[in-house]
Amino acid sequence: MSPQPLFLMSSLWVKEFLAFFLRKMNLKSERRGIHVDQSELLCKKGCGYYGNPAWQGFCSKCWREEYHKARQKQIQEDWELAERLQREEEEAYASSQSTQGAQSLTFSKFEEKKTNEKTRKVTTVKKFFTASSRAGAKKEIQEAKAPSPSIHRQASIETDRVSKEFIEFIRTYQKPGQDIYKQCKLFLDTMSHKRDLSIEEQSECAQDFYQNVADRLQTRWKVPPEKVEKAMDEVEKYIMTRQYKYVFCPETTDDEKKDLAVQKRIRALHWVTPQMLCVPVSEEIPEVSDMVVKAITDIIEMDSKRVPRDKLACITKCSKHIFNAIKITKNEPASADDFLPTLIYIVLKGNPPRLQSNIQYITRFCNPSRLMTGEDGYYFTNLCCAVAFIEKLDAQSLNLSQEDFDRFMTGQTSPKKQESDSFSPDVCLGVKQMCKSLDLLSQLNERQERIVSEAKKLEKDLIDWTDGITKEVEDIVEKYPLEIKPKSQALAAIDSENVENDKLPPPLQPQVYAG
């Protein structure tokens, strides 16, 4: 029984669909592409720096200002609440004392009770400003989870290597370098006693440290800006290599839960095609296909890095490969509207591990100047937008009906392809690419059917050949049966029966003739 073809579609349906599709193409309002205005990538406060969804659309600087304002407001509200509770307790205590009447206590007992009441009030107020006791319990859980010896040994080797490189680097700065090293050691020692703090508070400590070191180099030591930037990169590398195991995806956050949710979401969207996202990349071109593979490799490699700057470098390399792929396909420089859909496609195709944890880690502990400006900040902001788009991807985003979208998500069916047809030159690249893919599928289907037919024919020929050989062997055996004769006697020596051997003359000897 011949196998089912890979691709089966009636020509009538294809013509109707393509005609419908072209009508939709002519109505620009009907076709929604993935477009993000560049102004949407900037800080919503209007400072000109790149914003970040993790900072509610603010840049690092504006977010810290807003965070400090919100924190001060929360502290003020907590103090007011604590004072109100204290007044209520004092009034309740005075009322209870007045109702006791004759049952007065002795002076010593009164003082003891008053002291206990004060202690309880102070404890009530302190509860508003102390970390939760759960942090201590979770810290014990983290300490109980000891890493495997090989991982610990590998991390220790990398830490030692980074430390040596950092010491060699700061020697070139002389006295400013000594000050940098002293500040770094002091910061690491301080952070070792702040493991109970929340990850947001530890992030704030790191950001304050970056700012203080940069200010000291500029104001106190008068270091040029380019050398300050280079020094801050080395400082980040040194301290974050040591802090990585404590601050990356900590158990006190829901980063791991978000990672699993994004990973599950991307797996569910495995059916999304480049045409649905209007990706201007043709993977049929070998050079473009190599660029796509390299981009996926770079975005996956991000998880293996320990320093935020190295993770950003992976995102930047991935983005540059995407721009090169678009440029080769279109024979012209890529635009921002081309880049974001392709980045979304790369993320869907690669499904990078611990994507949300890596984004949060970069957001919390990267040098803020890198995220606010430059190509690193631009590419990182686009990656955050791509992840947010994937999380909210719906039927309208892909120009599908809700019914088809639901069927694709549940796995009941998969998107069908269309056969190629002749189009006018003004047809978009996505339709041309789609038709090329359909032609390729049709050719593969014909090749498969031909191979199956030839394989069955070969199988039949082998069976016929085997039967023919068997019949010939049987005929020969029947015509010339095998006869087994008894074993004959051994032949005797030629002169074994000659009894007169002793009377024979000696053999002739050669004679030498002297000439």
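What counts as what
- Residues numbered from 1 in each chain as written.
- Predicted model: local features only at pLDDT ≥ 70, side-chain atom pairs only at ≥ 80, totals over all residues.
- Heavy atoms only, no water.
- Helix = DSSP H or I, 4+ residues; strand = E, 2+ residues; numbered from the N terminus.
- Buried < 20%, exposed > 50% of the residue type's maximum accessible area, 1.4 Å probe, protein only.
- Contact = heavy atoms within 4.5 Å.
- Areas by Shrake-Rupley, 256 points an atom, 1.4 Å probe, with all protein chains shown as cover.
- Core = buried A, V, L, I, M, F, W, Y, C linked by side-chain atoms within 4.5 Å.
- Phe/Tyr/Trp six-rings, centres within 6.5 Å; stacked < 30°, edge-to-face > 60°.
- Patch = residues over 30% accessible without salt bridge, like charges linked within 9 Å, V, L, I, M, F, W, Y side chains within 5 Å.
- Salt bridge = Lys/Arg side-chain N within 4 Å of Asp/Glu carboxyl O.
- Expected span 1.5 Å × (residues − 1).
- Arc of directions from axis to C-beta.
- 1 Å grid on protein atoms, 1.4 Å probe; cavity = no way out; pocket = protein on both sides within 12 Å on 5 of 7 lines; lining within 4 Å.
- Points joined across faces, edges and corners; volume = space filled by probe spheres on them.
- Nonpolar A, V, L, I, M, F, W, Y, C, P; charged D, E, K, R; others polar.
- pLDDT = per-residue confidence, 0-100.
- Axes fitted to C-alpha atoms, helices over the stretch in contact; angles between N-to-C directions.
- Parallel < 35°, antiparallel > 145°, perpendicular 65-115°, else oblique.

(A) Region of interest: the overall build of the protein chain. Within the protein chain, the regular secondary structure consists of 17 helices and zero strands. In the protein chain, buried positions account for 33% of the 515 residues. Long-range contacts, defined as pairs at least 24 residues apart, comprise 73% of the intrachain contacts of the protein chain with a sequence gap of at least 6. With the model as given, the accessible surface of the protein chain reaches about 33500 Å², and the carbon-plus-sulfur share is 54%.

(B) Local environment of unusual backbone geometry. Of note, the phi angle at Cys 249 is positive, near 50°, even though the residue is not glycine. Locating Cys 249 in the fold gives a position in the loop between helix 8 (225–247) and helix 9 (255–268). Despite not being glycine, Cys 278 shows a phi value in the positive range, around 60°. Its place among the elements puts Cys 278 in the loop between helix 9 and helix 10 (286–301). By relative accessible area, which is 35% here, Cys 278 ends up partly exposed.

(C) Broad picture of the nonpolar core. Counting 51 residues, the largest nonpolar core has Val 272, Leu 277 and Ile 315 as the members making the most contacts within it. Looking at this core, the elements with two or more residues in it are helix 9, helix 10, helix 11 (308–330), helix 12 (336–350), helix 13 (355–365), helix 15 (374–391) and helix 16 (402–410). Counting residues per element, this core draws most heavily on helix 15, which supplies nine residues. Apart from residues lying up to four places away in sequence, Val 272 is in contact with Leu 277, Leu 348, Leu 393 and Leu 398. With 31 residues, the next largest nonpolar core counts Met 191, Phe 209, Leu 217 and Met 232 among its residues.

(D) Fine view of the side chain of Arg 364. Position of Arg 364 relative to the elements: it lies in helix 13. Since its relative accessible area comes to 10%, Arg 364 is described here as buried. Here Arg 364 is in contact with Ile 199, Glu 200, Ser 203, Gln 207, Pro 250, Thr 253 and Asp 255, once residues within four sequence places are set aside.

(E) Highlighting the packing of aromatic side chains. Taken as a whole, this structure holds 16 aromatic pairs when the rule is applied. Consider the rings of Phe 169 and Tyr 173, whose centres lie 5.0 Å apart with planes at 45°: the pair is tilted. Note on accessibility: Phe 169 and Tyr 173 belong to one class, buried. Judged by centre distance (4.4 Å) and plane angle (20°), the ring pair of Phe 187 and Phe 209 falls under stacked. Here Phe 187 is found in helix 6 (residues 175–192), whereas its partner Phe 209 is found in helix 7 (residues 199–220), with 22 residues between them in sequence.

(F) Fine view of a nonpolar patch on the surface. Nonpolar side chains collect at one region of the surface, where Trp 465, Ile 469, Val 473 and Val 477 lie side by side and expose about 400 Å² of accessible area between them. Along the chain, the position of Ile 469 falls in helix 17 (residues 429–479).

(G) View of helix 6. Its 18 residues give helix 6 an end-to-end C-alpha distance of 26 Å, which sits within 8% of 26 Å, the value for a rise of 1.5 Å per residue. Of the residues making up helix 6, those classed as buried are Pro 176, Gly 177, Asp 179, Ile 180, Cys 184, Phe 187, Leu 188 and Met 191. For helix 6, the angular spread of the buried residues around the axis is 165°, confining them to a single face. Turned more than 90 degrees away from the buried face of helix 6 sit Lys 175, Gln 178 and Lys 182, all of them exposed.

(H) Empty space enclosed by the protein, seen in detail. Under the definition given, this model contains two cavities of 30 Å³ or more. In this model, the second largest cavity occupies a volume close to 30 Å³. Elements that contribute at least two residues to the lining of the second largest cavity include exactly helix 6, helix 7 and helix 8. It is helix 8 that contributes the most residues to the lining of the second largest cavity, three residues altogether. Classifying every residue of the lining of the second largest cavity by side-chain character gives six nonpolar, two polar and no charged.

(I) Structural detail: the environment of Glu 204. As for its placement among the helices and strands, Glu 204 is situated in helix 7. Glu 204 sits in the buried class, given a relative accessible area of 11%. Separated by 161 residues in the primary sequence, Glu 204 and Phe 365 have C-alpha atoms spaced 8.6 Å apart.

(J) Focus on the pattern of salt bridges. Inspection of the entire model under this criterion finds 20 salt bridges. Glu 165 is the salt-bridge partner of Arg 161, the closest N and O atoms lying 3.1 Å from each other. You can see Arg 161 and its partner Glu 165 sitting in helix 5 (residues 149–170), four residues apart, about one turn around the helix. For Glu 165, a relative accessible area of 36% gives the class partly exposed.

(K) Spotlight on the confidence of the model for the protein chain. Taken residue by residue, the protein chain gives an average pLDDT of 79. The fraction at 70 or more is 73%. Ignoring residues within four places in sequence, the model shows residues 124–146, a span with pLDDT below 50, making 22 contacts including any to other chains. Confidence drops under pLDDT 50 across residues 417–421; counting only partners more than four residues distant or on other chains, this segment forms 23 contacts.

(L) Quick look at the packing of helix 11 against helix 15. At a minimum axis distance of 9 Å, the contact between helix 11 and helix 15 shows a crossing angle of 80°. Judged by the angle between their axes, helix 11 and helix 15 are roughly perpendicular. Listed contacts from helix 15 to Leu 312, Ile 315, Thr 316, Ser 319, Lys 320 and Phe 323 of helix 11 are Glu 375, Asp 376, Tyr 379, Phe 380 and Leu 383. Its residues assigned to classes, the contact of helix 11 with helix 15 comprises six nonpolar, two polar and three charged.

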